[in-house]
Every structure is written in C-alpha cells, then in structure tokens.
Amino acid sequence: IILYFFLPFFQVIIYGDLPKNKENVIYLSNHQCTVDWIIADMLAIRQNALGHVRYVLKDGLKWLPLYGWYFSQHGGVYVKRSAKFNEKEMREKLRAQVKAETPMYLVIFPEGTRYNPEIPKVIADSQSFAEKEGLAILKHVLTPRVKATHVAIDTMKDYLDAVYDVTVAYEGTVDHKGQRKLAPSMTEFLCKECPRVHIFIDRIELKDIPEEQMYMRRWLHERFEIKDKLLIEFYDAKDSKRRNKFPGKSVHSKLSLKKTLPSLLFLGGLTASMLLTESGRKLYVKTWIYGTLIGCLWVSIKP
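Residues numbered from 1 in each chain as written. Predicted model: local features only at pLDDT ≥ 70, side-chain atom pairs only at ≥ 80, totals over all residues. Heavy atoms only, no water.

Participant: Help me understand the overall build of the chain in this model?
Facilitator: Check the secondary structure of the chain and you find ten helices and eight strands. Here the C-alpha atoms of the chain give a radius of gyration of 20 Å, agreeing with the 19 Å that 2.2 N^0.38 yields for 303 residues. Within the span of the chain, comprising 303 residues, buried residues form 44% of the whole. Counting only contacts in the chain whose residues sit at least 6 apart along the sequence, the fraction spanning at least 24 positions is 78%. (Helix = DSSP H or I, 4+ residues; strand = E, 2+ residues; numbered from the N terminus. Rg over C-alpha atoms; globule rule 2.2 N^0.38 Å. Buried < 20%, exposed > 50% of the residue type's maximum accessible area, 1.4 Å probe, protein only. Contact = heavy atoms within 4.5 Å.)

Participant: Would you mind going over the pairing of strand β3 (residues 53-58) with me for this structure?
Facilitator: Put simply, side chains in a regular strand alternate between the two faces of the sheet. A large share of β3 lies buried, amounting to five of its six residues. Two strands pair when backbone bridges link them, and β3 and strand β5 (residues 105-108) are joined in this way by three bridges, in the parallel orientation. Looking at the pairing, V53 lines up with Y105 of β5. Bridge count for β3 against strand β4 (residues 77-79) is three bridges, and the pairing is parallel. Looking at the pairing, V56 lines up with V77 of β4. As for the winding sense of the linkage, the β-α-β connection from β3 through helix α3 (residues 67-73) to β4 is right-handed. (Pairing = 2+ DSSP bridges. Right-handed = clockwise from strand over helix to strand, strands pointing away.)

Participant: Can you help me understand the nonpolar core in this one?
Facilitator: General note: in soluble globular proteins, nonpolar side chains tend to be found buried as a group. In this structure, I26, V56, M90, L106, A152, M156 and F246 are the most contacted members of the largest nonpolar core, which totals 38 residues. A per-element tally of this core places helix α8 (residues 213-236) first, with eight residues. When near neighbours in sequence (up to four residues on either side) are disregarded, V56 contacts V77, V79, M90, L106, V107, I108 and A148. (Core = buried A, V, L, I, M, F, W, Y, C linked by side-chain atoms within 4.5 Å.)

Participant: What is the right way to look at the UniProt feature "domain: Phospholipid/glycerol acyltransferase" (unreviewed entry) in the chain in this model?
Facilitator: In the numbering used here, UniProt assigns the "domain: Phospholipid/glycerol acyltransferase" (unreviewed entry) feature to residues 25-150. As annotated, residues 25-150 has a helix share of 39% and a strand share of 14%, and its two end C-alpha atoms lie 14 Å apart. (UniProt positions renumbered as here; feature names shortened; annotations may be inferred.)

Participant: Got a minute to help me understand the packing of helix α4 (residues 87-99) against helix α6 (residues 147-156) in this structure?
Facilitator: Helices that pack against each other are described as a pair by the angle of their axes relative to one another and the distance between those axes. Following both chains from N to C, one finds α4 and α6 inclined at 35 degrees, their axes separated by 10 Å at the closest point. Handedness of the crossing formed by α4 with α6: right-handed. Contacts between α4 and α6 involve E87, M90, R91, L94, R95 and V98 from the first element and A148, H150, V151, A152, D154, T155 and M156 from the second. Looking at the contact of α4 with α6 residue by residue, the class counts come to seven nonpolar, two polar and four charged. (Axes fitted to C-alpha atoms, helices over the stretch in contact; angles between N-to-C directions. Left-handed = near helix turned anticlockwise from the far one by under 90°. Nonpolar A, V, L, I, M, F, W, Y, C, P; charged D, E, K, R; others polar.)

Participant: What's the story with the pattern of salt bridges in this structure? I'm lost.
Facilitator: Opposite charge on two side chains permits pairing when their charged atoms draw close. If you walk through the whole model with that rule in mind, you get 17 salt bridges. D208 is the salt-bridge partner of K207, the closest N and O atoms lying 3.4 Å from each other. For K207, a relative accessible area of 71% corresponds to the exposed category. Judged by relative accessible area, which is 45%, D208 ranks as partly exposed. The structure contains a network of salt bridges with shared partners spanning E87, R91, D154, K157 and E211. (Salt bridge = Lys/Arg side-chain N within 4 Å of Asp/Glu carboxyl O.)

Participant: Explanation requested: the packing of aromatic side chains in the structure shown.
Facilitator: Ring pairs (aromatic) are described by centroid distance and by the angle formed between their planes. Applying the stated criterion across every chain, the model contains ten aromatic pairs. Members of the aromatic cluster, joined through ring pairs, are Y15, F200, F234, Y235 and F246. A cation over an aromatic ring shows up here: K227 above the ring of F224, its NZ or CZ 5.3 Å from the ring centre. (Phe/Tyr/Trp six-rings, centres within 6.5 Å; stacked < 30°, edge-to-face > 60°. Lys NZ or Arg CZ within 6 Å of the ring centre and 35° of its normal.)

Participant: I keep staring at the environment of T113 and nothing clicks. Help me out?
Facilitator: By the secondary structure assignment, T113 is in the loop between β5 and α5 (120-132). With near-sequence residues (within four places) excluded, T113 lies in contact with H31, K58, R81, V122 and L142.

Participant: Would you take a moment to explain helix α10 (residues 278-301) for this structure?
Facilitator: In an α-helix, one turn spans 3.6 residues; hence positions three or four apart end up facing the same way. Over its 24 residues, α10 extends 34 Å from the first C-alpha to the last, a length consistent with the 34 Å expected when each residue adds 1.5 Å. Among the residues of α10, G280, T292, G295 and V299 are the ones counted as buried. (Expected span 1.5 Å × (residues − 1).)

Participant: Before we go on, may I ask you to explain a nonpolar patch on the surface in this structure?
Facilitator: Where nonpolar side chains cluster on the molecular surface, the patch consists of L64, Y67, W69, Y70, V285, W288, I289, Y290, L293, I294 and W298 and spans about 1100 Å² of accessible area. Of all the secondary-structure elements, those providing two or more residues to the nonpolar patch are α3 and α10. Looking at the nonpolar patch, the element that brings in the most residues is α10, giving seven residues. As for its placement among the helices and strands, Y67 is situated in helix α3. (Patch = residues over 30% accessible without salt bridge, like charges linked within 9 Å, V, L, I, M, F, W, Y side chains within 5 Å. Areas by Shrake-Rupley, 256 points an atom, 1.4 Å probe, with all protein chains shown as cover.)

This is how it looks when you write it as structure tokens:
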C-alpha cells in the first residue's frame, strides 16, 4: 500500500527504448537489491502492463509467507541453481502459460544473486569463473548464468514480442572514495534516500538472439559487458559531469497518480476495513497464519 502511494513521486530517468504499448517480453536486468523487483513494476505501469509481471525466482523464496504462494499462482517460476536446475519443470510451466495466452512480462535476473560490494567473495568468485571460461571479467555486475534465460526464450520464442535488456543504477551508492556501496533497501528507497533511479532499456528482437544455448551464453555475456560499460561510465567516469547518468538522451519519466490511485484505494480500503474492527483484525491474523501454512503446503506439492 505504501509503495503504491510513493510510486508517482520517485524520480525515474529512462534512457533507450521503452515502447508505450504492452508487449509479451522477457525482461533481463542486473540485480542489486529488492528494489529491482519494483523497477520492473514501474516500467510495466508505464506500459499499462502491471498485472502482466511474473518473475523467475530463487527456489528458496517460495517459502516466503503468503508471497511465495502468490508468486507461484501468479505465473512465477521457482528455479534451483547449477546441477539442481530443473529445465523440464520450467518449460512445462511456461508452456502452460503460453497455451493459456497469459500476458507475459517475465522478469529474469541472470546473475542468479545480488551484486553486493559488502560480500567481495561472491564478486571474486564470479570474476574467477569468467576468467576460467575465457569470458570478459566484469566489474559492476556478476557473470550471468544462461540456463533460465535460454529455457524461457526457447520455450516462448513464438509468443514473445521482444526481450528488454535493462540496466539499473541507483544514485548515491558510491562512497567518498569512489567505491560502490550497497544498493538501497526497500525502506531506504521509500524514505527517498536514493535521489534518482536511472534505467537504460535496450529492446532486442528475437531474431537477433542466438537459439543454441552455447551461443546464447556468449550473447548474454556480451550483453552484460555492455551493462558493465554503462555502469563504469555511471560510477567511475573520470569526468565528473559524465557520472550519475547513462549516455544518450534521457526522459524524466513521471508517473501519473491515476495509474496507482485505484490500486492504492482498493488495497488501503480493504486493509483498513479489516484492521478497524476486532473481527477484521482476527481475520487478518488468521489469513497470514493459515494462508502461509496452506501456501507452503501448496508450493511443496505443486511448485
């Protein structure tokens, strides 16, 4: 509810190609914090496609109270890493959604985990893996994993309109020594401790993406090389005038309150009506308790 209230007031600067019309897309982005999920929502709202957003999520997130079950039922796909990755299960879920003609705004973070400068071992391991595989070493992003991206594109290639390659940068995440700091938490973001969010969007046609996994892996890494160069320019440019922005034309994208007000009023009214009465508060607590238990049972049987 709080998020819907604040969305119109965030300073969002958009670069590149964001179509005005709804499309069935795969959204590939770098990953730094939980706010990255909201960035996808912000862009979807601007295309009148908020209800179309689905996520590819780490398997452990399916145990989140209520939300784990909600994401699963709303078209989210839970995946395990490396050798435990279940390709067949992911394909089946995506095929079912294509067959049902489900609007698709599928968000994937190919790095598999967040880029966190406070955990240098993860960054070092990612760079070591890239060096071992003969891939370019990346500074501001992690080496991307291709499996989920390949399965998603391969399964839905005749259903998708495009792939959105999205690069996100948060202002105020460099210290006085020029070193990257932790990206904002949801609380910090809502408290406007991050002054502006910069989003670079590259809309890619499916015909320009290799179909075979080994070639797509190289293509995906090249896309992350481009992200890395954009972020190096954003954070590390020697000319201070070129920092805190991406190259090219930009638009300060304001969000009309009318795009979020209906949802705010509905959710706020529903929550308030429950919390203002004793019976409503009991129902609210029971919903969280029993909803979580039923949800955990559901996702353990039917992921």
